[in-house]
Amino acid sequence: MVVEPRVKDFICTTAHPVGCAQNVKNQIEYVKSKGAVKSDNAPKKVLVIGASTGYGLASRIAVAFGYGADTLGVMFEKESNGRRTATAGFYNNRAFEEEAHKAGLYAKSINGDAFSVEIKEQVIETIKADMGKIDMIVYSLAAPRRTTPDGTKYTSVLKTVGEEYTNKTLVLKDNTITDAHITAANDDEINATIKVMGGEDWIDWMQALSDAGVLADNVITVAYSYIGPKITFPIYAEGSIGQAKKDLYKSADIINEKFPNIKAKIAINKALVTQSSAAIPIVPLYITLLYKVMKEKGLHEGCIEQMQRLFMDKILDDTQVDDNGFIRMDDWEMRDDVQEVVAEHWDTVNNDNVKDIADIDGYWEDFYNMFGFKIDGVDYSADVDIM
Ligand code: NAI
């Protein structure tokens, strides 16, 4: 079948198997071009939770091809039923495994709900059977909902806390600027968002892995967060998702206290187009303004550049943290000379100048690329097997 993009709001409901595979290969080539890690302490057996798209996929590629690590991935993706394509993450994951195997690396993946007890057990069984013990766990879940072990279902919201908020946003379907009104989350919604995107499940994972005796003597675990500039505070850092991220930070402290053999770290990553960030109001406009400035200054990075730099240059060095102990992968995004221009453009952006001061094309390029479209070297007129 010839697969074409079908974009609906902020999601593409089709994915191109060959394009996704090429995207993964390009990311692998990037990591290889930067060279392997020089440290003898580099992890060799890594579990990546949320391994199929965005930052988690890039993390897995960085540790496999930068450390030479064996990897076990956990993801929540749909296979093709023969008529509809699979999700991009499914094709990404398959391509990753193929490339890892070709390079002589162990790579297996488990497709299911990472929040569930069953999937944790399946992961532990697989580690016992194939890997022995693991020495790194990347926790990169971005999920809209979670069922806790007692069967309660929680749905996260992207709302403010306290006051309602109105600001500019980019309407993705026609690239126009309009106002977004964001309502304030009530207490139940804030709690639910913390349940889904906070750190409780991260701690559960560490407990389960520790109890099962599958952790090495020195283990690093890392989870990701975003802080960003004042413009995005009401919807991100100070919003409902920000409350969940504060819970994630506390969870890192809890893990560090409770498990002497685990070092829990938080990396604050750059704002990038991923399936999750596209769903947040206001953020896509900020991202287009940011991309424009960072590209002009030669500072732009995508997921793979960020994760290559995190795993090769920063995570193994305990001194590379800020006063809160966070690894700042948003260091270039938050530079004064970048943020000053972005803030100025935020004030002036309108429908007449948006194409000049915002990198709309770059946004859409990243968006299509995530689903395997508009990737150089792929023949999109060719029939492809979507299974
Ligand atoms: P993403 O949507 O690209 O990736 C999410 C991953 O989680 C996928 O592999 C998906 O299959 C998996 N997943 C979702 N629900 C699952 C479940 N129930 N069970 C198993 N796997 C599941 O998201 P992205 O953007 O890479 O986010 C990853 C982390 O990075 C999140 O914590 C996010 O807050 C953080 N982050 C993202 C930034 C951005 O701009 N995109 C910036 C800074 C941090």
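Just so it is clear, the structure is predicted and the values come from calculations on it, not from any experiment.

Novice: Any chance you could explain the site of the ligand here in plain terms?
Specialist: Near the ligand there are 30 residues, and of these Ser52, Tyr55, Ala114, Thr274 and Ser276 occur at the shortest range. Within the backbone of glycine 54, one N or O atom sits 3.5 Å away from an oxygen atom of the ligand. Glutamate 77 has a polar side-chain atom sitting 2.9 Å from an oxygen atom of the ligand. Protein chains shield 93% of the accessible area of the ligand, which is 840 Å² for the free molecule. Counting residues per element, the ones that place at least two in the shell around the ligand are helix H2 (54–67) and strand E11 (215–225). Of the residues contributing to the shell around the ligand, the split by class is 15 nonpolar, 11 polar and four charged.

Novice: Looking at this structure, I do not really get the state of the cysteines. What am I missing?
Specialist: Put plainly, two cysteines are in a disulfide when a covalent bond ties their sulfur atoms together. Counted under the stated rule, the structure contains zero disulfides. The closest cysteine sulfur to the non-disulfide-bonded cysteine 12 is located on cysteine 20, 9.4 Å from its own sulfur.

Novice: What is the right way to read helix H8 (residues 283–296) from this model?
Specialist: Given 3.6 residues per helical turn, the α-helix brings residues three or four places apart onto the same face. The end-to-end C-alpha distance of H8, which contains 14 residues, comes to 20 Å, matching closely the 20 Å that a straight helix rising 1.5 Å per residue would cover. All buried positions along H8 are accounted for by Val283, Pro284, Leu285, Tyr286, Ile287, Thr288, Leu289, Leu290, Tyr291, Val293 and Met294. Against the buried residues of H8 lie strand E9 (165–171), strand E10 (176–182), helix H10 (336–348), helix H11 (354–357) and helix H12 (360–370). Glycine 298 occupies a position one or two residues after H8 and carries a positive phi of about 70°.

Novice: Help me understand the UniProt feature "site: Plays an important role in discriminating NADH against NADPH" (unreviewed entry) in the protein in this model?
Specialist: Within this structure's numbering, the places UniProt gives as "site: Plays an important role in discriminating NADH against NADPH" (unreviewed entry) are Glu77. Locating glutamate 77 in the fold gives a position in the loop between strand E4 (70–75) and helix H3 (88–102).

Novice: It is not clear to me how unusual backbone geometry should be interpreted in this structure. Could you clarify?
Specialist: Glycine aside, a negative phi is what most residues show, and trans is what most peptide bonds show. Positive phi, normally seen in glycine, also occurs at isoleucine 282, with a value near 75°. Positionally, isoleucine 282 belongs in the loop between strand E12 (262–268) and H8. Even without a glycine there, the phi angle at lysine 374 is positive, about 55°. As for its position among the elements, lysine 374 is in the segment after H12.

Cut-offs and rules
Throughout, a residue's number is its position along its own chain's written sequence, starting from 1. Side-chain atom pairs in this predicted model are given and counted only at pLDDT of 80 or more, local residue features only at pLDDT of at least 70, and totals for whole chains, interfaces and linings cover all residues. Side-chain measures were taken over the full set of non-hydrogen atoms in the model, leaving aside hydrogen atoms and water. Note on definitions. A residue lies near a molecule or strand when any single heavy atom of the residue is within 4 Å of it. Polar contacts, as counted here, are pairs of nitrogen or oxygen atoms within 3.5 Å of one another; within protein the pair requires one atom able to donate a hydrogen and one able to accept it, and residues that are adjacent in sequence qualify only if both atoms are side-chain atoms. Where accessible areas are quoted, they stem from the Shrake-Rupley method and a 1.4 Å probe; at the residue level, only the protein chains shown are allowed to cover. The way it works is that DSSP assigns letters per residue, a run of H or I at least four long becomes a helix, a run of E at least two long becomes a strand, and they are numbered from the N terminus. Note that Gly is not counted as nonpolar here; it falls among the polar residues with everything else outside the nonpolar set of Ala, Val, Leu, Ile, Met, Phe, Trp, Tyr, Cys and Pro and the charged set of Asp, Glu, Lys and Arg. The rule for a disulfide is simple: a pair of cysteine sulfur atoms within 2.5 Å. What a helix should span is 1.5 Å times the count of its residues minus one. Only protein chains enter the accessibility calculation, which uses a 1.4 Å probe; a residue whose area is less than 20% of its type maximum is buried, one above 50% is exposed, and one in between is partly exposed. When checking whether two residues touch, look at their non-hydrogen atoms; a contact exists if any pair is within 4.5 Å. UniProt positions are given in the numbering used here, feature names are shortened, and annotations may be inferred rather than shown by experiment.

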